[in-house]
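Observations on the three-dimensional arrangement
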Amino acid sequence: MAVAMKKPSTWAHYVALLKKDLSQELHTKDMLTSMGLYALLVLVVYGAALAQAGSELDILQMAGGLLWAVILFTSLLGLNRSFSHEKEQGCLEGILLVPMDRSVIFLAKATANLIFLLVVTAVTVPLFFFLFLGQVGAAPTWPLMIAPLLAGTVGIAGVGTMLSTITMNTRGKDVMLAVLFIPLLFPLLWACVSATTCVMCAPEGFMDTFVTSMALSAGYDIVMILISWVLYDFVVSA
Amino acid sequence: MADALANEPLALEVKKLTKVFGDRKALDNVSFSLPQGAFLSIFGPNGAGKTTMLRMLSTLARPTSGTIRVMGIDAKEDPDKVRDHIGLISHNSMLYPDLTAMENMMFVARLYGVVDPEARVRELLRAVELDHRRFDSVRTFSRGMTQRLSIARALINDPDVVFLDEPYAGLDPHAVEIFDELIASLREGRTFVMVSHDLQKGFAACTHAMMLARGRVMVCSPKDELDFDEFKGLYRETVGMGVA
C-alpha cells in the first residue's frame, strides 16, 4: 500500500530540523554545558590576569573587547561541535536524501546555534558585570549593549554555521574553522566591540559611534547571511 | 499486460557515468540498466568505485559526466523528484544516537511529509520488531538493532529503489540472518542495488551482478547468465588488481 505523503512547506522543513537540534540538545546538554563551562573558565583566566594589573587599569575601556573575546571563543567551541552529530553517523547525508531546499538546513542549524549562543551569552554577560564591573560601574547607557550583542551573535551563528559546514570534512577542522572564522568575522567583531565599549563608557558624542557601528553590524549580518543562504546548496553538496 | 510492462520505465538507467577526483578517475564510462524489481549486487576491491557510484545513484554526489535516470527521471535535471523514489541503507546508520527511535523516525517522516507520521512510524517499527523499544535512545541499541532501525528509516517514504552500501558491515551472524529476512520480505515491487564485499551472500541475493575494478565495469549481467565459480575467480583476480 502506497504511503500518503504531502510535500511539506519550507517552513515545515525548517521547524522539523530546528526541533531535532533542540531535542538533541535537551537530551545531551552537550553544547550548552561545554560552551558554558568554557566561558566560565575564560572569565576565571581574566580574573587571574587582571588581578595583577593594579588600580590604574581602566577596566571599563577594555570591557567590550574582553566580553567579545569570551563570546567569540565560546562560539568557536560550539560551532565546531554543531556538525559533529551530523557527521558521526552520516546523519547529514540522511537529510540530503530528502527532497527539500538545502538552504533550509543552513537556516535551521544557524538558528539552533544562535539559540545556544544566546543562552550562554545571557549567562556570561551578567557574570562578567558581577566579576569585573561591580565596583567600577558602567555608564547608564549600558542596556543598549543588547543591540550589538544581538547583531554580533546573529552574525557569528550565520557565518559560523556556513564555515563549520565547509570545514567539517577537512583535516584539522578545529584549527581550520578558527583560521577562516576570525578573519572573516573581523569587521563584525570590530563594530560590536566598538558599539559595546561606547555604550558602557558613554563618552561625549558616543551615539554617533554607536549608530555607525550598529549600521555596520546589521549590514554585515544581512550580506553574509544572504551569501551563506545562496551558497549553502553548493557547499553542502560539494 | 505485455504492453504495460514494455511502457514501464526502467528502475535505473546509467549511461557513460564518469567521476573524476583530481587526476584520478574513480568511475570511468560506466553504463548499465536495471528493470524494476531487480536486485543488483555490486562487487569489487576497495577503491573500485562502488561507493562512489552508489553516492551518485542516490544523488549524494554529482557525476563529472554521464547520465543517471531513476524510475525514468533524470537525476541531474530533477534530483528532488529522484529523491522521492529512493532510500539508502548504509553502514552509517544516519540515526542520531541521543534521540529515541521514535524521535528519529518522526523527524524523517516530517521531512518527507508523511501524512500520518505516527501511524507510519509505528507500522515500520513493528515491521523491524523495534516497536517495544521506540522510547529508548538509539545509543542503547546493539549494532543489529541500529541497522534494523536504519532500514525502517530508509523505508519511511516507501521508496521504489533501495540502495544498500555494505549493509553487513559490523553485523554478527544472527543480525545478518534477521537483516536478510527483512530484506527478503521487502523485495516485492522494489528494486535493490547493493554494494558488498560478501560475494557468497551478495550473489545469492541478487538477480543481476556487477564487478567493478579501477572504476570500470568488468562484468554486468543477469545472474542466470553467470557461473558463480567463474565469477568468483574473476573477483579474486580483480581483488588482486587492488586500488585504482
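Scroll up a little and you will see the structure.
The present account deals with the structure reproduced in this document. Numbering of residues starts from 1 in every chain and runs along the sequence as written. Labels follow written order: the first chain is A, the first ligand is 1, and so on. pLDDT decides what is reported in this predicted model: residues at 70 or higher carry local features, side-chain atom pairs at 80 or more are listed and counted, and totals for whole chains, interfaces and linings draw on all residues regardless. Values shown for side chains rest on all heavy atoms present in the structure; no hydrogens or waters enter the calculation.

1. Topic: the interface of chain B and chain A
Contacts between chain B and chain A engage 31 residues on the former and 34 residues on the latter. A buried area of about 3000 Å², summed over both sides, lies between chain B and chain A, and 61% of it is on carbon and sulfur atoms. Counted as salt bridges are all cases of a side-chain nitrogen of Lys or Arg within 4 Å of a carboxyl oxygen of Asp or Glu. Counting the contacts that link chain B with chain A gives 1 salt bridge. Note that A:E93 and B:R55 form a salt bridge whose closest N and O atoms lie 2.4 Å from each other. Polar contact criterion, stated in full: a pair of N or O atoms within 3.5 Å, where within protein one must be able to donate a hydrogen and the other to accept it, and residues adjacent in sequence count only if both atoms are side-chain atoms. Inspection of the chain B/chain A interface yields 11 residue pairs in polar contact (both at pLDDT 80 or more). Think of it this way: any DSSP run of H or I at least four residues long counts as a helix, any run of E at least two long counts as a strand, and we number them from the N terminus. For the side of chain B that touches chain A, the secondary structure elements donating two or more residues are α3 (79–85), β6 (86–89) and α4 (101–112) of chain B. Here the element with the most residues in the side of chain B that touches chain A is α4(B); it accounts for 5 residues. The residue inventory of the side of chain B that touches chain A, partitioned by class, reads 14 nonpolar, 6 polar and 11 charged. For this analysis, residues touch if any pair of their heavy atoms sits within 4.5 Å. In short, buried area is how much 1.4 Å probe accessible area vanishes from two parts on joining, totalled over both. For this scheme, ten residues count as nonpolar: Ala, Val, Leu, Ile, Met, Phe, Trp, Tyr, Cys and Pro. Four count as charged, namely Asp, Glu, Lys and Arg, and the remainder, Gly too, count as polar.

2. Thoughts on the environment of A:V15
Residue and element names in this part refer to chain A. Residue placement: V15 occurs in helix α1 (residues 10–28). Whether a residue is buried, partly exposed or exposed follows from its accessible area with a 1.4 Å probe, protein chains only, as a fraction of its type maximum: under 20%, in between, or over 50%, in that order. For V15, a relative accessible area of 35% corresponds to the partly exposed category. With 104 residues separating them along the chain, V15 and V119 place their C-alpha atoms 19 Å apart.

3. With respect to a nonpolar patch on the surface
All names here are of chain A. Two distance rules govern patches: like charges are joined within 9 Å, and nonpolar side chains (Val, Leu, Ile, Met, Phe, Trp, Tyr) within 5 Å, applied only to residues with over 30% relative accessible area and no salt bridge. Every accessible area reported is derived by Shrake-Rupley at a probe size of 1.4 Å, with residue values counting cover from the shown protein chains alone. Together, V223, I227, V230 and L231 make up an exposed nonpolar region whose accessible area comes to about 340 Å². Tracing the sequence through the fold places L231 in helix α9 (residues 206–237). For L231, a relative accessible area of 38% corresponds to the partly exposed category.

4. Quick notes on the environment of B:T18
Residue and element names in this part refer to chain B. You can see T18 is positioned in strand β1 (residues 12–21). As for T18 and M102, which are separated by 84 residues in sequence, their C-alpha atoms are 39 Å apart. At 3.1 Å, the side chain of T18 forms a polar contact with the backbone nitrogen of N29.

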